[in-house]
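Single-letter residue listing:
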Amino acid sequence: MRSSFLVGALLLAAPAFAATPIAGRYVTEDGSGVIEIGRCGATVCGKLVRILKSEPNAPKTDVNNSDAALRSRPILGMPILSGFTDAGKDWRGRIYDPRNGKTYKSIVSKNGDGTLKVQGCIAFLCQTQTWKPVG
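Quick caveat, the model's predicted, so the values are computed rather than measured.

K.L.:
Which parts of the structure should I look at to understand the packing of aromatic side chains?
P.N.:
The description of an aromatic ring pair uses the distance of the two centres, along with the angle that the planes make with each other. By the definition in use, this model includes 0 aromatic pairs. Residue placement shows R73 over the ring face of Y96; its charged tip is 5.4 Å from the ring centre.

K.L.:
I'm lost on the state of the cysteines in this one. Help?
P.N.:
Among covalent bonds in proteins, the disulfide is the one between the sulfur atoms of two cysteines. Taken as a whole and assessed by the stated rule, the structure comprises 2 disulfides. Bridging C121 to C126, the disulfide has an S-S length of 2.1 Å. Its torsion about the S-S bond being 105°, the disulfide of C121 and C126 is classed as right-handed. By relative accessible area, which is 7% here, C121 ends up buried. Here the chain pairs its bonded cysteines, counted in sequence order, in the arrangement 1-2, 3-4.

K.L.:
When you look at the environment of D30 in this model, what are you seeing that I'm missing?
P.N.:
Along the chain, the position of D30 falls in the loop between β1 (24-27) and β2 (33-40). We classify D30 as partly exposed; its relative accessible area is 36%. Through-space distance from the C-alpha of D30 to that of K53 is 9.0 Å; in sequence the pair is 23 residues apart. Contacts of D30, omitting those with residues within four sequence positions, involve K53 and R99. At 2.7 Å, the side chain of D30 and the side chain of S32 are in polar contact. A distance of 2.9 Å separates polar atoms of two side chains, one belonging to D30 and the other to R99.

K.L.:
Hey, could you run me through the side chain of Q119 in this one?
P.N.:
Relative to the helices and strands, Q119 resides in strand β7 (residues 116-122). What Q119 contacts, discounting residues up to four positions off in sequence, is K105, S106, I107, C126, Q127 and T128.

K.L.:
Just to check I follow, could you spell out the side chain of S32 for this structure?
P.N.:
Summarising the element assignment, S32 is placed in the loop between β1 and β2. When neighbours within four sequence positions are excluded, S32 is seen to be in contact with R50, I51, L52, K53 and R99.

K.L.:
Please explain the layout of surface pockets as it appears in this structure.
P.N.:
The gaps left among the atoms become clear once a water-sized probe is rolled over them. Looking at the largest pocket, its volume works out to about 950 Å³. Elements supplying a minimum of two residues to the lining of the largest pocket: β2, β3 (43-51), β5 (91-97), β7 and β8 (125-133). The residue makeup of the lining of the largest pocket, split by class, is 18 nonpolar, 9 polar and 7 charged.

K.L.:
Is there a simple way to explain the pairing of β8 in this structure?
P.N.:
Consecutive side chains along a regular strand alternate between the two faces of the sheet. Both β1 and β8 contribute to a ladder of 2 bridges, which runs antiparallel. Counted as the bridge partner of V27 is K132 from β8. Between β7 and β8, which follow one another and run antiparallel, lie 2 residues, and A123 among them has a positive phi close to 55°.

Conventions adopted
Residues numbered from 1 in each chain as written. Predicted model: local features only at pLDDT ≥ 70, side-chain atom pairs only at ≥ 80, totals over all residues. Heavy atoms only, no water. Phe/Tyr/Trp six-rings, centres within 6.5 Å; stacked < 30°, edge-to-face > 60°. Lys NZ or Arg CZ within 6 Å of the ring centre and 35° of its normal. Disulfide = S-S within 2.5 Å. Buried < 20%, exposed > 50% of the residue type's maximum accessible area, 1.4 Å probe, protein only. Helix = DSSP H or I, 4+ residues; strand = E, 2+ residues; numbered from the N terminus. Contact = heavy atoms within 4.5 Å. Polar contact = N/O pair within 3.5 Å; in protein donor to acceptor, adjacent residues only side chain to side chain. 1 Å grid on protein atoms, 1.4 Å probe; cavity = no way out; pocket = protein on both sides within 12 Å on 5 of 7 lines; lining within 4 Å. Points joined across faces, edges and corners; volume = space filled by probe spheres on them. Nonpolar A, V, L, I, M, F, W, Y, C, P; charged D, E, K, R; others polar. Pairing = 2+ DSSP bridges.

Written out as structure tokens, the structure reads:
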């Protein structure tokens, strides 16, 4: 009985690992927009708060979305990151790409220099971008 108490006490004393907070405003790797990341209820999310560059005839609404009901929603203010939760060393959730209307599994972590490592994944293949903090 004494040994189980000791093991329990050691487990309680072990530090809990938490991912570095990612809240803030970031410019996407291609410089096309600013994503603001913060709390959305019990999870973390990010929305497009500023368009910095766009194609001359770029759509102003989510025309590529597979859900027809969402195709009229404006690109500006659109949720890009959703459902992110602390996974210990990083944040895990979903990322939406309005250019192709697809949503991917995503892993986000903060680098030592304040940038974000943002990954969009299909199965075990991930594409990585680095987003820079807005000063």
